[in-house]
Structures are given as C-alpha cells and as structure tokens.
Amino acid sequence: MNNINKGFLYFICGVSAMGGLLFGYDWVVIGGAKPFYEIYFGITDSPLMQGVAMTTALVGCLAGAMMAGAMADRYGRKPLLMLSAVLFTASAIGTGWFDDFTLFNIWRFVGGVGIGVASALAPMYIAEVSPAEIRGRMVSLNQMTIVLGILGAQIVNMLLARNTMVAESQAWNIAWGWRWMFWAETVPAALFLVMSCFIPESPVYLKLKQEPKAVGAKSVSNLKELLLPKYRRVLLLGLVIAVFQQWCGTNVIFNYAQEIFTGAGFNVDGMFINIVITGIANVVFTVAALYTIERWGRRTLMLLGAGGLGLIYLTLGTCYAMGMTGFLMVALVVAAISVYAMTLGPVTWTLLAEIFPNRIRGVAMATCTFALWTGCCTLTFSFPSMNAALGSSATFWIYSAICAGAFLFLFRRCPETRGKSLEELEKELAGN
C-alpha cells in the first residue's frame with residue numbers, strides 16, 4: 001500500500017462504484033412509483049400487468065449480465081462501465097417521458113440492462129485494481145453506493161409522494177409524481193458517464209490482452225472453458241452464493257414495501273416513512289461492513305447472514321401468523337435489512353469478484369450475475385402469488401428454510417479469502 005497512490009485508487013474505485021449507486025436507485029425507485037403509475041396506466045386490478053411492470057427491468061438485468069462478461073473480456077472493463085452510464089441516463093429520461101405502458105416497460109428494460117452490466121463490472125473492476133489487504137473493503141464500497149442509491153430513491157419517493165391523502169396532491173402524483181421519481185436519476189447518471197471517461201482500464205485486462213490467444217484475437221474466456229472440471233467446484237460456489245443473495249428474501253422488502261408495511265397495519269404515509277427507516281438502517285450497517293469484512297472475514301459474515309436472517313424470518317412469519325402489527329413488525333424488518341446489509345449484501349459481491357481465476361473472471365462474473373438476477377426476477381415475480389396463496393407467515397417461513405439450507409452449504413463450502421491475492425486464490429480454489 002505504501003507505493004500506491006491512495007487518493008487515485010479511491011477516486012477510480014469511487015467512480016466505478018457510481019454504477020452501484022445507479023443500480024440501487026433504479027432498482028428501488030419503482031417501489032415508490034408503483035402506487036401512482038398503476039393508477040395512471042389502469043393496471044390496479046391486473047396482478048399480471050403489475051408483475052410485468054415490476055419485472056421488466058429485472059429481465060433487462062439478465063440481458064445485461066449475460067452480455068457483460070464476453071464484452072468485458074473483448075473490449076475491456078472501462079467501455080462497459082461507460083455503456084452502463086449511457087443506458088441509465090436514457091432509461092431515466094424515457095421511463096418518465098412516455099404515456100404508453102409498453103414504452104414504459106421498454107425503457108425500464110433498458111435501465112435493467114444498465115443494472116446488469118454495472119452489477120457485473122463494477123465489483124470486478126474494483127477487485128482488479130485494489131491491493132489484497134484492502135480489496136474486501138474497496139469492493140464493499142460498491143455495496144455502499146448501492147445502498148446509498150436505494151436510500152436516495154426512498155427519500156425522493158417520500159418527498160414527491162408526501163401528503164398523498166390530499167386529493168390535489170394525489171392527482172399530481174398520479175399524473176407527474178411518478179415521472180419525477182424516475183427523472184431524478186438523470187443527474188447522477190450523467191455525472192457517472194462524464195467521470196467514467198477519466199478512469200484507467202483494469203490492469204488485469206491489460207495483462208490478459210498481452211497474453212497469447214488473448215483478447216485482441218479471441219475472447220480470453222468462454223462458457224465452454226468455464227465448465228471445465230477444474231472450475232466446476234468454484235463455479236458452483238459462485239452460483240449458489242449469487243442466487244442465495246436474492247432468495248434469502250430480503251429484497252422483497254424493497255420491491256414490495258407497500259404490501260409488507262400495509263399488511264403490518266400502516267397507511268400510505270406511514271409506509272413511506274418506514275421505507276426510509278429501512279433505507280437508513282441499510283446504509284448504517286453497510287458502513288459497518290466496510291470495517292468488519294477485513295477483520296471478521298468473508299466466511300464468518302456469510303454464515304452470520306444466513307443464520308441471522310433465518311431466525312429473523314422465522315420470527316417474522318410467526319408474528320404474521322399471530323396477527324401482530326405495529327412497531328414490532330417494523331423492528332423485525334429493520335433487523336433483517338441490517339443483517340443483510342452487513343453480511344450477504346456486500347460480501348456476496350466481494351466473494352464473486354475474488355474467487356474466480358483471472359482468465360475466466362469476466363465470463364464467470366457475468367454467469368454468476370446472470371444467476372443472481374434470475375434469482376431476483378423469480379423472487380420478485382413469485383412473491384405476490386406466494387403471499388396471496390400462502391399468506392405472509394408461510395412466505396417468510398419458506399425464506400427462513402432457504403436461509404437454513406444455505407447456512408449448511410456455506411459452512412461446508414465457503415472459503416476464507418481475506419488478505420489473499422487474486423493469484424493465491426486462483427491456486428487455492430482452481431488448482432492452477
């Protein structure tokens with residue numbers, strides 16, 4: 001670290017992490033806009049169309065993640081980060097601009113592609129430019145910007161939706177409020193585009209490009225190479241970690257906060273206030289993760305996250321079954337967000353950026369990110385049906401059981417990567 005320009009390192013990692021900021025904002029803003037655009041587009045009585053509106057961006061995430069790996073290996077990390085900035089900017093403008101529900105979903109899809117690209121590239125870029133002793137903290141910076149983006153979206157939504165019980169304000173929110181929730185993203189998206197012009201290319205990519213059969217002539221890696229026997233064990237670990245981060249259930253709180261908090265007895269104004277409270281907890285405990293990830297280690301935090309969430313969801317489901325409402329329910333939701341923010345949220349991205357060999361990191365990261373967004377898409381689409389058919393209690397019990405199963409898997413398979421160089425991890429995990 002003594003020979004590294006720390007200021008420049010923090011600058012380039014911070015710029016890359018702006019992709020996380022936009023990822024968090026774009027992903028969550030729709031939850032606050034949901035009560036208003038559903039009325040505007042006339043889909044309040046159509047669960048199918050509601051599900052389409054909520055999952056269109058997630059389908060875009062799948063497309064973005066799928067293309068990110070090969071393109072990053074062929075063209076580099078920096079151009080892909082710039083592409084994601086362009087997509088975020090265009091989506092922010094287009095989503096709020098049009099009055100047609102189909103065009104609304106098209107532009108949400110475009111934003112989703114940006115999320116998919118940024119979510120795969122930002123942590124990978126940061127891991128490749130950071131020294132081993134602070135790599136976990138620097139990659140966690142990406143998660144920090146994600147939760148700041150989430151909190152920013154929650155605050156913007158709350159401010160624009162204030163006094164929704166007043167008829168005039170309600171009418172304005174239905175006509176314009178939801179549009180401004182999306183348009184507000186334009187400013188940070190444009191800033192990300194400008195600042196990404198000033199970061200260097202990843203040194204790992206530049207090194208790979210100089211190797212025989214490297215990027216200049218062919219892609220450094222491909223899916224066929226990723227499936228070689230020597231990589232299967234680490235690929236399975238990456239896929240399970242990625243999918244579990246979504247199917248642990250925490251993210252339904254962000255996307256379906258309206259249903260969760262109104263089901264716990266809160267009106268619309270109380271719902272927005274509680275959403276912001278969860279956002280603040282998300283930020284505070286992500287800050288805690290910046291300090292604990294290098295001290296406690298990745299494995300410990302992953303086990304703490306899986307076990308802690310399993311117990312919280314078991315309790316939350318029991319409270320729903322008993323018909324409890326009010327402060328206790330909010331406290332349990334905040335506890336779940338806090339545990340997730342300190343463990344599974346940042347550590348998942350750190351592990352995914354660390355465990356794969358340099359040669360296949362691009363395609364492996366893209367594959368695991370694709371799996372992660374597949375998990376997010378299926379989780380988001382299935383929650384309304386599960387909640388309606390089984391009730392909130394059984395739904396959270398199912399998430400508790402998933403956490404218990406993941407705890408056992410992680411206990412057996414999750415390695416400790418703290419303080420090890422990417423080259424050391426490559427030898428340890430892939431046997432190269």
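By convention here, each chain's residues receive numbers from 1 onward along its written sequence. The predicted origin of the model limits local features to residues at a pLDDT of at least 70 and limits the giving and counting of side-chain atom pairs to 80 or more, whereas totals for whole chains, interfaces and linings rest on all residues. The basis for the side-chain values is all heavy atoms of the structure; hydrogens and waters are excluded.

### Observations regarding the confidence of the model for the chain
Part 1 of the reasoning: Every residue is assigned a pLDDT by the predictor, reflecting its confidence on a scale from 0 to 100. Chain-level pLDDT for the chain is 81 on average; 88% of the residues reach the 70-or-more range.
Part 2 of the reasoning: Residue contacts follow a heavy-atom distance rule, with two residues in contact if any of their heavy atoms lie within 4.5 Å. Taken together, the stretch residues 214–220 has pLDDT below 50 and engages in 21 contacts with residues farther than four places along the chain or on a different chain.

### Observations regarding the packing of aromatic side chains
Part 1 of the reasoning: Stacked, edge-to-face and tilted are the three classes for Phe, Tyr and Trp ring pairs, Trp counted by its six-membered ring, which pair at centre distances within 6.5 Å; planes under 30 degrees apart are stacked, over 60 edge-to-face, the rest tilted. Counting across every chain of the model gives 21 aromatic pairs.
Part 2 of the reasoning: For the pair Y37 and F104, a centre-to-centre distance of 5.1 Å together with 40° between the ring planes defines the contact as tilted. Of the two residues, Y37 sits in helix α1 (residues 6–40) while F104 sits in helix α4 (residues 101–129), which places them 67 residues apart along the sequence.
Part 3 of the reasoning: Type-normalised accessible area, obtained with a 1.4 Å probe on protein chains alone, sets the label of each residue: buried when under 20%, exposed when over 50%, and partly exposed for intermediate values. Under the relative-accessibility criterion, F104 is labelled buried at 0%.
Part 4 of the reasoning: Summarising the aromatic geometry, the rings of F101 and F104 are spaced 6.1 Å apart at their centres and angled 10° between planes, so their arrangement reads as stacked. Of this pair, F101 and F104 both sit in helix α4, three residues apart, roughly one helical turn.
Part 5 of the reasoning: Three or more aromatic residues joined by ring pairs make a cluster, and in this case those are Y37, Y40, F41, F101, F104, W178 and F182.
Part 6 of the reasoning: Definition used: whenever NZ (Lys) or CZ (Arg) falls within 6 Å of the ring centre and also within 35 degrees of the ring normal, the charge is taken to sit over that ring. Lying over the aromatic face of Y40, R179 brings its terminal NZ or CZ to 5.0 Å of the ring centre.
Part 7 of the reasoning: Here the basic side chain of R299 rests over the ring of F411, its NZ or CZ set 5.3 Å away from the ring centre. Note on conventions: DSSP H or I runs of at least 4 residues are helices, E runs of at least 2 residues are strands, and numbering of each starts at the N terminus.

### A few points about helix α8 (residues 203–210)
Part 1 of the reasoning: Along α8, the positions that sit buried rather than exposed are V204, Y205 and L208. Burial along α8 is one-sided: seen end-on, the buried residues are contained in an arc of 95°. Facing away from the buried side of α8 by over 90 degrees, the exposed positions are K207 and Q210. By construction, the arc corresponds to the directions joining the helix axis to the C-beta atoms.

### Considering the environment of K427
Part 1 of the reasoning: In this structure, K427 sits in helix α18 (residues 422–430).
Part 2 of the reasoning: For K427, a relative accessible area of 58% corresponds to the exposed category.

### Thoughts on the pattern of salt bridges
Part 1 of the reasoning: The term salt bridge refers to a side-chain nitrogen of Lys or Arg lying within 4 Å of a carboxyl oxygen of Asp or Glu. Across all of its chains, the model carries seven salt bridges by this definition.
Part 2 of the reasoning: Where R135 meets E354, a salt bridge forms, and the shortest distance between an N and an O atom there is 2.9 Å. Note that R135 is positioned in helix α5 (residues 135–160) and E354 in helix α16 (residues 344–354), a separation of 219 residues in sequence. When sorted by exposure, R135 lands in the same class as E354, which is buried.
Part 3 of the reasoning: Counted as one network, the salt bridges with shared partners bring together R135, E294, R298 and E354.

### Comments concerning the nonpolar core
Part 1 of the reasoning: Side-chain atoms within 4.5 Å are what join buried Ala, Val, Leu, Ile, Met, Phe, Trp, Tyr and Cys residues into a set we call a nonpolar core. Formed by 115 residues in total, the largest nonpolar core has its most connected members in W27, Y37, L121, W373 and L410.
Part 2 of the reasoning: Residue contacts for Y37: discarding those within four places in its chain leaves I30, I43, A53, M54, F104 and W178.
Part 3 of the reasoning: M144, L151, V283 and L290 belong to the second-largest nonpolar core, a separate cluster that totals six residues.

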